[in-house]
Amino acid sequence: MNPKRYGMVGWQEFASNRTQILAKYDLSKAQEASRPTKTAHGVAGEAAIREWLSSFLPARYAVTSGYIIPDVVQTPGYKLYHYDIIIFDALNAPILWTEGNPDQSELGKRRAIPAKYVHSVLEVKSRFASESASGALEKLRELNAISSHFPVQFSSAIIFIELPDSLVSTGEALRHLIPEPPVFGLWGGLILRCGLNKDMSGELSFVKNDGGAGSVQNAPDVPLAKDIDKLNIYINDEGNCIIAESGGGAMFVSDGRSNWMVSKQYVPTYCSNDVCVMLSWSANGFSQFTLDMLNRLEGKGPREENYRFGQIFDFLDRR
């Protein structure tokens, strides 16, 4: 980790969860390099995320891939759709059935969970691209048909393992993540890594469009990502944080006393008439997504700060 960073107690150890997910994904990519069809790395990425979530989340939650079952009478042509990651109530949910074979681990088996016990669904894609972004939204949009069967705190999100280097310069690619028609429970997502900087991840968020014009909004020549260590963000002689970077930003976190910690961000945005999608790159992206996910699972707002662990901050240059 870059020596220009610091964080909450245990931040480097917590960041190793991201490192382990990416290592398993990369190993699978290397092992399938000579195969005519390359899909195993995507499956490995899904499995690595499920494994991490299973060990990380409080015991009242369980994680599986599989099917979501509403309390309705089956009609001709009704389809049971498979979902990559289902987070559900481990204490109360019955497992209606399990699919798998003797060669699969318990985490690799597919389970059928009643919708009333499902707290979240995550769709995982190996690479961010126009097709994968649109496909992820379309997959989660299947949930709209059974939305009335979920608990009130239900949420959904998208995880991309990586942003290809070829798309770094195409900020307009965010338009493929505009959730129109709407997707039930969709709150955000994550791009785990970008080749520009091995430390940074990008947190996706969806907000209502208030009609205001953003400085980097819908501009086709704005990069989709920038190296956060090269952003023109610094502390001036008066002690003020100066953001002199197009699309630059900063997240401030109080220590509860008189000190403020800061994470540098690069935030391209794309808006439609009704909704904006924001991509916030930072060294803190993985941790922030995790904190927001925990709050969502508990039915709380994304910035209620019930949890503060694992966060990463930047030492800013002084000029």
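In the block above lies the structure referred to throughout.
Residues numbered from 1 in each chain as written. Predicted model: local features only at pLDDT ≥ 70, side-chain atom pairs only at ≥ 80, totals over all residues. Heavy atoms only, no water.

*Asks:* Would you take a moment to explain the sheet that holds strand β11 (residues 241-243) for this structure?
*Replies:* Hydrogen bonds between backbone atoms are what pair the strands of a sheet, whose relative direction is either parallel or antiparallel. Read from one edge to the other, the open sheet built from three strands follows the order β11-β10-β17, with strand pairing classed as mixed. If you trace the sheet from one side to the other, it starts and ends with β11 and β17 (317-318), each paired once. (Pairing = 2+ DSSP bridges. Helix = DSSP H or I, 4+ residues; strand = E, 2+ residues; numbered from the N terminus.)

*Asks:* Can you help me understand the environment of Phe150 in this one?
*Replies:* Tracing the sequence through the fold places Phe150 in the loop between α3 (130-141) and β7 (155-163). Separated by 34 residues in the primary sequence, Phe150 and Lys116 place their C-alpha atoms 4.8 Å from one another. Apart from residues lying up to four places away in sequence, Phe150 is in contact with Ile68, Ala115, Val118, Leu143 and Phe184. (Contact = heavy atoms within 4.5 Å.)

*Asks:* Help me understand a nonpolar patch on the surface in this model?
*Replies:* On the surface, a nonpolar cluster with roughly 420 Å² of combined accessible area is contributed by Val72, Tyr78, Leu80, Leu96 and Trp97. Structurally, Leu80 can be placed in the loop between β2 (61-69) and β3 (82-89). A relative accessible area of 40% places Leu80 in the partly exposed class. (Patch = residues over 30% accessible without salt bridge, like charges linked within 9 Å, V, L, I, M, F, W, Y side chains within 5 Å. Areas by Shrake-Rupley, 256 points an atom, 1.4 Å probe, with all protein chains shown as cover. Salt bridge = Lys/Arg side-chain N within 4 Å of Asp/Glu carboxyl O. Buried < 20%, exposed > 50% of the residue type's maximum accessible area, 1.4 Å probe, protein only.)

*Asks:* Hey, could you run me through the packing of aromatic side chains in this one?
*Replies:* Here the distance between the centres and the angle between the planes together describe a pair of aromatic rings. Taken as a whole and judged by the stated rule, the model has 15 aromatic pairs. With a centroid separation of 4.0 Å and an interplanar angle of 15°, the aromatic rings of Phe150 and Phe154 are classed as stacked. Among the aromatic residues, ring-to-ring pairing joins Phe14, Trp52, Phe56, Phe286, Tyr307 and Phe309 into one connected group. Sitting over the ring of Tyr83, Lys139 keeps its end group 4.9 Å from the ring centre. (Phe/Tyr/Trp six-rings, centres within 6.5 Å; stacked < 30°, edge-to-face > 60°. Lys NZ or Arg CZ within 6 Å of the ring centre and 35° of its normal.)

*Asks:* Just checking my understanding: could you explain helix α4 (residues 285-297) for this structure?
*Replies:* An α-helix turns once per 3.6 residues; consequently, residues spaced three or four apart project the same way. Compared with an ideal rise of 1.5 Å per residue, which puts 13 residues at 18 Å, α4 spans 18 Å between its outermost C-alpha atoms and is within 8% of the ideal. Of all the 13 residues making up α4, 12 are buried; the element is thus mostly covered by neighbouring parts of the structure. What α4 keeps buried is the set Gly285, Phe286, Ser287, Gln288, Phe289, Thr290, Leu291, Asp292, Met293, Leu294, Asn295 and Leu297. Remark: Gly299 follows α4 within two positions and exhibits a positive phi of approximately 75°. (Expected span 1.5 Å × (residues − 1).)

*Asks:* What am I meant to see in the pattern of salt bridges here?
*Replies:* Once the charged atoms of two side chains with opposite charge are near each other, the side chains can pair. This model, assessed by the stated rule, comprises 15 salt bridges. Ionic pairing is found between Glu162 and Arg193, a salt bridge with its closest N-O pair at 3.1 Å. With Glu162 in strand β7 and Arg193 in strand β8 (residues 186-194), this pair connects stretches of sequence that are 31 residues apart. You'll find Glu162 and Arg193 in the same group, each marked buried. Of the charged contacts in the structure, one is a salt bridge between Lys198 and Asp199, with a shortest N-O distance of 3.3 Å. Members of the salt-bridge network, linked through shared partners, are Arg5, Lys198, Asp199, Asp229 and Asp314.

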